[in-house]
Amino acid sequence: AGSRSLKLDAVCANSVITASSRALQWDMAVQLLDTLSMQMLHVAPTIASHNAVLAACSASMQWPRSLMLLHGIDEERLAADLISYGSAIHVCAGAGQWRQALGLLSRMMCEGILPDHVALHDVMVAAASSHVQILMTTEIWLQRHPVVESVGRLQRQIEGGAASQSLRHLDNLG
C-alpha cells in the first residue's frame, strides 16, 4: 500500500485558525499564524488567516493583541480589509477603548475602506458608554471623511441631543 503524505496549504491552515477562533482559543490561533509567518510550515498567511486570528482575539476581548495583529498585516505586505478593521474596532470598542476604535475608523477611511454600520455603531456605543462628549470629535471626523448621507443624519441627531435615536438609526441601517 502506498503512503500518503498530507500537505498543509493556506486553506487547511485557515481552517485550523478558524476552528481555534470558534473555540475561543485565541492564543492557539496566534501561535499558528506566527508559525505561518515565520514560514516554518512553508505556507504564506493570507488576509483570511489574519482575519480569523483577529476574530479569535475579538471574541476573547484581546484588544492589545488585535492592534498588534493589525500592524502585522502591514508587515506581511497584505492589505487590511473591512473585516480586519471591523474586528479590531469591535474589540477595542467592547473594551471601552473608544479612542483606539475611533483611530482605527479614521485609519481605515484614510486607506479608502468605507466603514459599515457595525463599525460606526461600535465606535459610537464605546464613546457613549465611556461618557465621552463625542459631538466635536464626530463633527471633525465627518468633515474630514464624508461617508454617506446617513452618517450626516447621525451627526445632526447627535447635535440635537438624540444619541439614543442615533444608535437606533445605526441599528436600522443593516
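The structure we're discussing is the one just above.
Residues numbered from 1 in each chain as written. Predicted model: local features only at pLDDT ≥ 70, side-chain atom pairs only at ≥ 80, totals over all residues. Heavy atoms only, no water.

Draft legend 1. Main features of the packing of helix H4 (residues 63–75) against helix H6 (residues 98–110). The interhelical angle for the contact between H4 and H6, taken along N-to-C directions, is 20 degrees, at an axis separation of 12 Å. In terms of their interaxial angle, H4 and H6 are classed as roughly parallel. In this structure, H4 meets H6 at a crossing whose hand is left-handed. Of H6, the residues touching H4 (which contributes Trp 63, Leu 67, Leu 70 and Asp 74) are Gln 100, Leu 104 and Arg 107. Here the residues of the contact of H4 with H6 are counted per class, giving 4 nonpolar, 1 polar and 2 charged. (Axes fitted to C-alpha atoms, helices over the stretch in contact; angles between N-to-C directions. Helix = DSSP H or I, 4+ residues; strand = E, 2+ residues; numbered from the N terminus. Parallel < 35°, antiparallel > 145°, perpendicular 65-115°, else oblique. Left-handed = near helix turned anticlockwise from the far one by under 90°. Contact = heavy atoms within 4.5 Å. Nonpolar A, V, L, I, M, F, W, Y, C, P; charged D, E, K, R; others polar.)

Draft legend 2. Molecular detail of the packing of helix H3 (residues 47–59) against helix H5 (residues 82–94). Running from N to C, H3 and H5 cross one another at 15 degrees; their axes reach a closest spacing of 9 Å. By the angle class used here, H3 and H5 are roughly parallel. Seen along the crossing, H3 lies across H5 with a hand that is left-handed. Of H5, the residues touching H3 (which contributes Ile 47, Asn 51, Leu 54, Ala 55, Cys 57 and Ser 58) are Ile 83, Ser 84, Ser 87, His 90 and Val 91. A class-by-class count of the residues in the contact of H3 with H5 yields 6 nonpolar, 5 polar and no charged.

Draft legend 3. Structural context of the environment of Val 16. Tracing the backbone through its elements, the reader meets Val 16 in helix H1 (residues 10–22). Between the alpha carbons of Val 16 and Ser 49 there is a distance of 9.6 Å; along the sequence they are 33 residues apart.

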